[in-house]
Amino acid sequence: MDFNLTEEHIMIRDAARIFAQTELLPGVIERDNKQEFPQELVRKMGDLGFMGIMVDPKYGGSGMDAISYVLVMEELSKIDASASVIVSVNNSLVCYGLETYANEEQKQKYLTKLATGEFIGAFCLSEPEAGSDATSQATTAIDKGDHYLINGTKNWITNGGRSDVYLVIAQTDREKGHKGINAFIVEKGTPGFHIGPKEDKLGIRGSDTHTLQFNDVKVPKENRIGEDGFGFKFAMKTLSGGRIGIAAQALGIAAGAYELSLKYSKERKAFGTEICNHQAIAFKLADMHTDIEAARMMVMRAAWDKDQGNNYDMSSAMAKLYASKVAMEHTVEAVQIHGGNGFVKDYHVERLMRDAKITQIYEGTSEIQKIVISRGIIKG
């Protein structure tokens, strides 16, 4: 058992850290205030290889492992969770889903552009009445011989307004239940495909979240991913990897809040000494550091499982459940450590607190993670 990072891991982590500090940090408060999508920064992340970290170089990716991916996600998330979720969705859900399950023609047409950041991708599963219950898809895809006609609504779609490629989960045969669900590649601009207004969110306000409408959207047969009825399995397998990305995001949010709190506690004085010297603050820092280290070990274990080809359903669920809990609890403590300054935007921790909450909700709520974990325990 070796807890040391390789030289390559250290290089990719440091590259992400420098990018976050020099490129993401300037303007992060303004982007949050204005709900501004970081278009130019996404292009730069593509140039660095962050948009296709785990994709094979023959498809334009960086060819790195899941450990590298979570290291990048943590560093980006310390500064700007809006930017990191763009990276997460493009890597974990879209690129991974296509590289693992798409055919060669689909990979050459779409994956090669997504992995370089030339295209941005979105994963369209959630609906107004089908969030946690992914089997209750109301969006339909009717088989018309050489094409499908898609009708329905998808909501809470990250990268919804900025994507070029959308992976859409829809019901083809309701009588077959989840075995009648398929996954499709839908291009932006397809007739009948409409993008709703941008959501005004509590956190990750720089990310692009929209409702999508599909009205008789004609999708060619060759844009279906996998065999007929493969869509539900595709969504569940892809989301397991997505949980690793969001666990790493939650870890980064927590770590970013901790680092700011530690620095502030060494500068701020009260009762004649730096506040870190007061046990009330010192113990908060001790709890934060301990919980974040534990979360980091769980995130790394899930990524390691993925790299080793092990089943990572449970380890990714546990990592996301715990890391998101740590992020929420300790961003609140970070605001407390900062006192009145923590309540204003200039000190960043209030934004991290707002950003933390979504990690307990998207890509499987904490309650869903507990279902996955408990089933795994009981089945043995």
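Residues numbered from 1 in each chain as written. Predicted model: local features only at pLDDT ≥ 70, side-chain atom pairs only at ≥ 80, totals over all residues. Heavy atoms only, no water.

Q: I tried to follow the packing of helix H8 (residues 279-308) against helix H9 (residues 313-338) on my own but got confused; where do I start?
A: In a pair of packed helices, the angle between the axes and the distance between the axes together describe the arrangement. Here H8 crosses H9 at 155°, and the two axes come no closer than 9 Å. Considered as vectors, H8 and H9 are oriented roughly antiparallel to each other. Between H8 and H9 lies a crossing of left-handed hand. Among the residues forming the contact of H8 with H9, the class breakdown is 16 nonpolar, four polar and five charged. (Axes fitted to C-alpha atoms, helices over the stretch in contact; angles between N-to-C directions. Helix = DSSP H or I, 4+ residues; strand = E, 2+ residues; numbered from the N terminus. Parallel < 35°, antiparallel > 145°, perpendicular 65-115°, else oblique. Left-handed = near helix turned anticlockwise from the far one by under 90°. Nonpolar A, V, L, I, M, F, W, Y, C, P; charged D, E, K, R; others polar.)

Q: What should I look at first to understand the packing of aromatic side chains in this one?
A: Between two aromatic rings, the relevant description is the distance of the centres plus the angle of the planes. Going through the model one piece at a time under the given rule, you end up with ten aromatic pairs. Ring geometry for Tyr 96 and Tyr 101: centres 6.5 Å apart, planes at 90°, overall edge-to-face. Among the residues examined, Tyr 96 registers a relative accessible area of 17% and is labelled buried. Among the residues examined, Tyr 101 registers a relative accessible area of 22% and is labelled partly exposed. Centre to centre, the rings of Tyr 166 and Phe 193 are 4.8 Å apart; their planes meet at 85°, and the pair counts as edge-to-face. Residue Tyr 166 is found in strand S4 (residues 165-171), and its partner Phe 193 is found in strand S6 (residues 193-198); the two are separated by 27 residues along the sequence. (Phe/Tyr/Trp six-rings, centres within 6.5 Å; stacked < 30°, edge-to-face > 60°. Buried < 20%, exposed > 50% of the residue type's maximum accessible area, 1.4 Å probe, protein only.)

Q: Could you clarify how one ought to interpret H8 in this entry?
A: For an α-helix, 3.6 residues make a turn, and residues three or four places apart therefore share a direction. The terminal C-alpha atoms of H8, which comprises 30 residues, lie 43 Å apart, in line with the 44 Å expected from a rise of 1.5 Å per residue. Here the buried face of H8 lies against helix H4 (66-79), helix H5 (81-101), helix H7 (231-267) and H9. Where H8 ends, the next residue or the one after it, Gly 309, has phi of about 80°, a positive value. (Expected span 1.5 Å × (residues − 1). Contact = heavy atoms within 4.5 Å.)

Q: Could you clarify how one ought to interpret the pairing of strand S5 (residues 181-187) in this entry?
A: Regular strands show a simple pattern: their side chains alternate between the two faces of the sheet. Burial analysis of S5 places six of its seven residues in the buried class, the great majority of the element. Relative to S5, S4 is paired through seven bridges, and the arrangement is antiparallel. Looking across to S5, one finds that Val 168 is bridged to Phe 184. Two elements, S5 and strand S8 (residues 224-225), share two bridges in a ladder whose sense is antiparallel. Directly across from Ala 183, in S8, lies its bridge partner Ile 225. (Pairing = 2+ DSSP bridges.)

Q: Whenever I open this one, unusual backbone geometry confuses me. Can you help?
A: Trans is the prevailing form of peptide bonds, just as negative phi is the prevailing case for residues other than glycine. Despite not being glycine, Trp 156 has its phi angle at roughly 60°, a positive value. With respect to the helices, strands and loops of the structure, Trp 156 is situated in strand S3 (residues 147-158).

Q: I tried to follow the domain arrangement of the protein chain on my own but got confused; where do I start?
A: Once the domains are mapped, the protein chain shows domain 1 (7-120), domain 2 (122-231) and domain 3 (236-379). Centre-to-centre separation of domain 2 and domain 3, based on C-alpha positions: 31 Å. Opposite the eight residues of domain 2 that make contact, domain 3 presents eleven residues. Of the roughly 720 Å² buried between domain 2 and domain 3 on both sides combined, carbon and sulfur atoms contribute 72%. Of all residues in domain 2, Ser 132, Leu 202 and Ile 204 give up the largest surface area on contact with domain 3, accounting jointly for 59% of the area buried on that side. On the surface where domain 2 and domain 3 come into contact, there are zero salt bridges. Linking domain 2 with domain 3 are two residue pairs in polar contact (both at pLDDT 80 or more), by the criterion used here. (Domains from an automatic or database assignment. Buried area = accessible area lost by both parts, 1.4 Å probe. Salt bridge = Lys/Arg side-chain N within 4 Å of Asp/Glu carboxyl O. Polar contact = N/O pair within 3.5 Å; in protein donor to acceptor, adjacent residues only side chain to side chain.)

Q: Sorry, what's going on with the pattern of salt bridges here?
A: Note on pairing: side chains with opposite charge can pair once their charged atoms come close. Evaluated as defined, the whole model comprises 22 salt bridges. With a closest N to O distance of 2.4 Å, Glu 40 and Arg 43 form a salt bridge. In this pair, Glu 40 and Arg 43 are both assigned in helix H3 (residues 39-47), three residues apart and thus about one turn of the helix distant.

Q: Honestly, the packing of H5 against helix H6 (residues 104-114) in this entry has me stumped. Any pointers?
A: Across the interface, H5 lies against H6 with an axial gap of 10 Å and an inter-helix angle of 155°. Between H5 and H6, the angle is such that the two are roughly antiparallel. As H5 runs across H6, the sense of the crossing is left-handed. Within the contact between the two elements, H5 uses Asn 90, Val 94, Cys 95, Leu 98 and Glu 99 and H6 uses Lys 107, Tyr 110, Leu 111 and Leu 114. Classifying every residue of the contact of H5 with H6 gives six nonpolar, one polar and two charged.

Q: Sorry if this is basic, but what is going on with the UniProt feature "domain: Acyl-CoA oxidase/dehydrogenase middle" (unreviewed entry) in the protein chain here?
A: Mapped onto this numbering, the UniProt entry annotates "domain: Acyl-CoA oxidase/dehydrogenase middle" (unreviewed entry) at residues 122-217. Within the segment residues 122-217, helix and strand shares are 0% and 50% respectively, and the terminal C-alpha atoms sit 17 Å apart. (UniProt positions renumbered as here; feature names shortened; annotations may be inferred.)

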